[in-house]
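# Structural overview
Spelled out, the chains give:
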Amino acid sequence: MFDGMKVEETTITKAIIDEFFEKLKSAVESDVCIVGAGPSGLVAARYLAEDGLSVSLFERKLSIGGGIWGGGMMFNKVVVQKEATQILDEAGVSYEQYDSNHYVCDAIELSSALTYRAVKAGVKFFNLVNVEDVIIKERKVCGLVVNWYPVEMCGLSVDPLAFSCRAVIDATGHDASVCSIVAKKTGKLTIRGEKSMWAEKAEEAVVKHTSEVYPGLFVTGMSVAAVYGLPRMGPIFGGMLLSGRKVAELVSSNIF
Ligand code: 48F
């Protein structure tokens, strides 16, 4: 017989504080820090964690998934090309074949599945955290400077905290936030700016140019287009997924 639930307010509070701070402390020194939890960042995070690396992912929004949720113009369906379906299979995402090379999946399922796989692989997620700077020592990026996003939104004068790592991945989408910071502060990186739409060219180029752009700093997803001045591809996501997998391979081989 049901005789009530035994829960206590202060125990709930202590459990949240204890568990969160344990996670936070374990992320202070990671193998890889990823900035941005869109499709490219989520795919990279999962494969790197499955390679046995400690991965921390910082996302300034409350929700994880970046631009996946809205599909194209808020029609929450996502198109990928044939070459990326293996990544959907590995995430357990269902899809329909639309024609010989275009496949369609559900944006909600894709976002949830990529997130779930990354969490299960051991990625430590920190949402509501904004990356505002990097640590650079001897001309190598070796960490991030972060603060709560609401601190920035409110314009509060609160000093940030620092996290070290062996590689940083900029997966911040159209903004290329981390690369822009490094470009501005070192003068050694040029942000060419994303060009107008040409889907086929953009999809190939974004994967091809996924790379280390400054010692210790790798770029994936739409940030690649911003850094290298590539065309945008619009609402096709195969290039994002393939770029995420490629950056994971590059970082993994660089670290081991
Ligand atoms: O934009 P986003 O989904 O990046 P992506 O992986 O994918 C792009 C596609 O969604 C779409 C497209 C597909 O063809 O063109 O746009 O390249 O996700 C980037 C995430 O980074 C977060 C931002 O909130 C978003 O969720 N972000 C950006 N700057 C920062 C950040 C920052 N400084 N600190 C933390 N998170």
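Thresholds applied
Residues numbered from 1 in each chain as written. Predicted model: local features only at pLDDT ≥ 70, side-chain atom pairs only at ≥ 80, totals over all residues. Heavy atoms only, no water. Near = heavy atom within 4 Å. Polar contact = N/O pair within 3.5 Å; in protein donor to acceptor, adjacent residues only side chain to side chain. Areas by Shrake-Rupley, 256 points an atom, 1.4 Å probe, with all protein chains shown as cover. 1 Å grid on protein atoms, 1.4 Å probe; cavity = no way out; pocket = protein on both sides within 12 Å on 5 of 7 lines; lining within 4 Å. Sits in = over half its atoms within 2 Å of the grid points. Helix = DSSP H or I, 4+ residues; strand = E, 2+ residues; numbered from the N terminus. Pairing = 2+ DSSP bridges. Axes fitted to C-alpha atoms, helices over the stretch in contact; angles between N-to-C directions. Contact = heavy atoms within 4.5 Å.

### Points about the site of the ligand
Not every one of the 27 residues close to the ligand is listed here, only the nearest: Ser 40, Glu 59, Gly 67, Met 222 and Gly 234. Contacts to the ligand include Met 222, whose backbone N or O atom sits 2.8 Å from an oxygen atom. Taken by itself the ligand offers 730 Å² of open surface, and the protein chains cover 93% of this. Here the ligand occupies the largest pocket. Taken together, the elements giving at least two residues each to the shell around the ligand come down to α2 (39–50), β2 (55–59) and β7 (129–137). A total of three residues in the shell around the ligand trace back to one element, the largest contributor, which is β7.

### What about the sheet that holds strand β6 (residues 124–127)?
Here six strands make up an open sheet; going across it, the order is β6-β2-β1-β10-β13-β12 and the pairing mixed. Both outer strands of the open sheet, β6 and β12 (211–214), are each paired with one neighbouring strand and no more. Within this sheet the neighbouring strands show an average axis-to-axis angle of 25°, counted without direction. Note: strand β1 (residues 32–35) against β2, four bridges, orientation parallel. Residue Val 35 lies in a different strand from β2, and its bridge partner there is Phe 58. Its contacts with the sheet place α2 against β1, β2, β6 and β10 (167–170), and it is angled at close to 165° to β2.

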